[in-house]
Amino acid sequence: MSTENRKIRLVMDLRNGGVTDTRVLAAIERVPRETFVEEAFLDQAYANQALPINCGQTISQPLVVGLMTQALELTDRHKVLEVGTGSGYQTAILSKLVRRVYTVERHRDLMPEAEKRFKALNLHNVTTMVGDGYKGWPGQAPFDRILVTAAARLVPPDLVAQLSDEGGIMVLPVGDASGLHQEVIRVRKEGTQFHSERMFPVRFVPLVQGIPEDKK
Ligand code: SAH
């Protein structure tokens, strides 16, 4: 089957899985996932599944990327923080939909690859940082939207603090590190009021505090 046909089938799978936002589907169609997967998995680039990347991490399942991106209710005016750059695939999807993306990754070795991909795809609205995304990016806060792509045990308080209090939305997986009991939560912030909703079950790698060099 050709790449184009695989891509069409994947987009159909995402629609059937509940991704109905046409801007999100168009972004998924426009970002070549094969640029973000390891060579050994190229033939699975358009399969609806997570795949291994370096440092024991994963590129998320396309359906999960679609549903989490849709849950953020993005517009082209938004400034977004992503925690967990990984391969950079989710970053690239965000970059097509919003004004600016700030993305943080704790594994130093993953960032040069991701940056190379952003450059190759001419994504000029992405700013990267190696660091502990559990603490967010205080120098760039507040953010209209925050997306976390690794599972926290609890909603990280610094991230809540860095979310815009004028209708800010954060989407993140919460649950245990084993991945057996995790679900995506959406937090809405309005002034000093919070509202959180449980959305769907997922399986993510854990959000780890501190960067690898940080031996505590
Ligand atoms: N969005 C990525 C998914 C990568 S998996 C993609 O589309 O490929 C989750 C990533 O979160 C991993 O790369 C992991 O190293 C990173 N991560 C885990 N804890 C982190 C933290 N505290 N700060 C920043 N990144 C973190």
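Preceding this paragraph is the structure being described.
Residues numbered from 1 in each chain as written. Predicted model: local features only at pLDDT ≥ 70, side-chain atom pairs only at ≥ 80, totals over all residues. Heavy atoms only, no water.

### Some remarks on the overall build of the chain
Stage number 1. A count of helical and extended segments in the chain gives six helices and nine strands.
Stage number 2. The C-alpha radius of gyration of the chain comes to 16 Å, within 12% of the 17 Å expected for a compact globule of 216 residues.
Stage number 3. Its C-alpha atoms give the chain principal-axis dimensions of about 50 × 40 × 35 Å.
Stage number 4. A burial count over the chain gives 50% of its 216 residues as buried.
Stage number 5. Taking all contacts inside the chain whose residues are at least 6 apart in sequence as the whole, residues at least 24 apart take part in 54%.
Stage number 6. Accessible surface computed for the chain: about 10400 Å², of which carbon and sulfur atoms make up 49%. (Helix = DSSP H or I, 4+ residues; strand = E, 2+ residues; numbered from the N terminus. Rg over C-alpha atoms; globule rule 2.2 N^0.38 Å. Buried < 20%, exposed > 50% of the residue type's maximum accessible area, 1.4 Å probe, protein only. Contact = heavy atoms within 4.5 Å. Areas by Shrake-Rupley, 256 points an atom, 1.4 Å probe, with all protein chains shown as cover.)

### Thoughts on the nonpolar core
Stage number 1. Met68, Tyr89, Ile93 and Val171 are the most contacted members of the largest nonpolar core, which has 45 residues in total.
Stage number 2. Looking at this core, the elements that each hand over two or more residues are α1 (3-16), α2 (22-30), α3 (62-71), α4 (89-97), α5 (111-120), β7 (166-175) and β9 (193-202).
Stage number 3. The greatest single-element share of this core, amounting to six residues, is contributed by α3.
Stage number 4. Once residues lying within four places of it in the same chain are set aside, the contact partners of Ile93 are Ala27, Ile28, Val31, Val65 and Thr69.
Stage number 5. By size, the runner-up hydrophobic cluster in this structure holds 19 residues, among which are Tyr102, Val104, Val160 and Ile185. (Core = buried A, V, L, I, M, F, W, Y, C linked by side-chain atoms within 4.5 Å.)

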